[in-house]
Amino acid sequence: MKIIVDAMGGDNAPQAIVQGALDAHRAHGVDIILVGRAEEVLRAVEACGEKSLPAGVEIKDAKEVVEIADDPAMAFKLKPDSSLTVGLNLLKSGAGDAFVSAGSTGALLSGATLVVKRIRGIRRAAMGPLVPTAAGRAVLCDCGANAQCTAEYLLQFAYLGSFYAQRVRGIQRPKVGLLNIGAEEEKGDDLRHEALALLQEASDQGRINFIGNVEANDAIMGAADVLVADGFTGNVMLKTMEGTAKFLLKELKKAMTAKTLNKLAAGVLKGDLMEMKKLMDPAEVGGTPFLGITRPVIKAHGSSDARAIASAVLRAKEYAESGFIADVEANIDYMKVRMAPEKI
């Protein structure tokens, strides 16, 4: 298994990216291609305590870097020798099994779509992060790649999320919920009404395990394993969850250090508190897959540290080994909406 890593993408590149990739190489036995400015990447490797490249790790030189200020839709074209563009072309050519980048989300999505390509029949690639719930984690699909959606997009997101939950999460019959403002069938806008009918039809055929509309509060409590949303709604939910988690942890820390007795209680509960923090920590998940692309592409958070990158590489390995893409390709005919013939 060989994972291509964009060594120049992200706020902490290249040092944290290289450190995380090397940690993943040692911990999970994956080969690594570090793509970026060779001299800088090599210095980062040496700063990690390596006098030379470890066996199974190589560097692919790329002179340019996609910056945040670059036009996301054109960056991979305007900078053909960027670490992002070179990495995606390596993935397309089969030089590696998956690609990980903490660089620009928009540029990575555009590049993945136009260089690596979508699976034939998939209308739009979707971002499918794992979000914490009371039941563990759920796949949220989409969380920002597609602000404007059709009911067919949402149907495809449901299949993509379901296959990912099955193959990568190991859930036999993942429960699929449509994120909405109420659980009743009549709730929501026209998009939700149309999508509900398509999802229910797919469920009646036994192709997905659709449980109906799910409100955000029930979603957080673990009502579904897959949450289907347009990118706008999904992104608002994701950012709200991230902000709420930070707020709660901050307030909990404040309460636990306010008094001597509270500090003693905190010492007793330290293990449990660390587990709760771990569940809410994005670095534990590492990265978000672009579902619907022909090869595995993982987007790591822009502020990823070495631990987050190591987790992202592990996610890429699991994704590449899962059989998810083959499942999508085998079921693509069921994921399309066929227009009824016009009456004459």
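You'll find the structure just up there.
Please read these numbers as outputs of a predicted model, since none were measured by experiment.

K.L.:
Looking at this structure, I do not really get the state of the cysteines. What am I missing?
P.N.:
Simply put, disulfide is the name for a covalent bond between the sulfur atoms of two cysteines. With the rule as written, the count across this model stands at zero disulfides. The structure places no disulfide on Cys143, whose sulfur is separated from the nearest cysteine sulfur, that of Cys141, by 8.4 Å. When its relative accessible area of 4% is taken as the criterion, Cys143 is described as buried. Its sulfur unpaired, Cys149 is 9.4 Å from the next cysteine sulfur, which belongs to Cys141.

K.L.:
Which parts of the structure should I look at to understand the packing of helix H1 (residues 15–28) against helix H13 (residues 306–322)?
P.N.:
When two helices pack together, their arrangement is given by the angle between the helix axes and by the axis-to-axis distance. Packing of H1 against H13 leaves a shortest axis separation of 7 Å and a crossing angle of 50°. One way to sum up the angle between H1 and H13 is to call them oblique. Like other packed secondary-structure pairs, H1 and H13 cross with a definite hand, here right-handed. Along the contact surface, H1 presents Ala16, Ile17, Gln19, Gly20, Ala21, Asp23, Ala24 and His28, while H13 presents Ala306, Ile309, Ala310, Val313, Leu314 and Lys317. Each residue belonging to the contact of H1 with H13 can be placed in one class, and the counts come to nine nonpolar, three polar and two charged.

K.L.:
I would appreciate a short explanation of the environment of Ser82 in the present structure.
P.N.:
Mapped onto the secondary structure, Ser82 falls in the loop between helix H3 (75–78) and helix H4 (83–93). Sequence separation of Ser82 and Arg37 is 45 residues, and the distance between their C-alpha atoms is 8.9 Å. Beyond its immediate sequence surroundings of up to four residues, Ser82 is in contact with Ala62, Glu64, Val65 and Val66. A polar atom in the side chain of Ser82 sits 3.0 Å from the backbone oxygen of Lys79.

What counts and what doesn't
- Residues numbered from 1 in each chain as written.
- Predicted model: local features only at pLDDT ≥ 70, side-chain atom pairs only at ≥ 80, totals over all residues.
- Heavy atoms only, no water.
- Disulfide = S-S within 2.5 Å.
- Buried < 20%, exposed > 50% of the residue type's maximum accessible area, 1.4 Å probe, protein only.
- Axes fitted to C-alpha atoms, helices over the stretch in contact; angles between N-to-C directions.
- Helix = DSSP H or I, 4+ residues; strand = E, 2+ residues; numbered from the N terminus.
- Parallel < 35°, antiparallel > 145°, perpendicular 65-115°, else oblique.
- Left-handed = near helix turned anticlockwise from the far one by under 90°.
- Contact = heavy atoms within 4.5 Å.
- Nonpolar A, V, L, I, M, F, W, Y, C, P; charged D, E, K, R; others polar.
- Polar contact = N/O pair within 3.5 Å; in protein donor to acceptor, adjacent residues only side chain to side chain.

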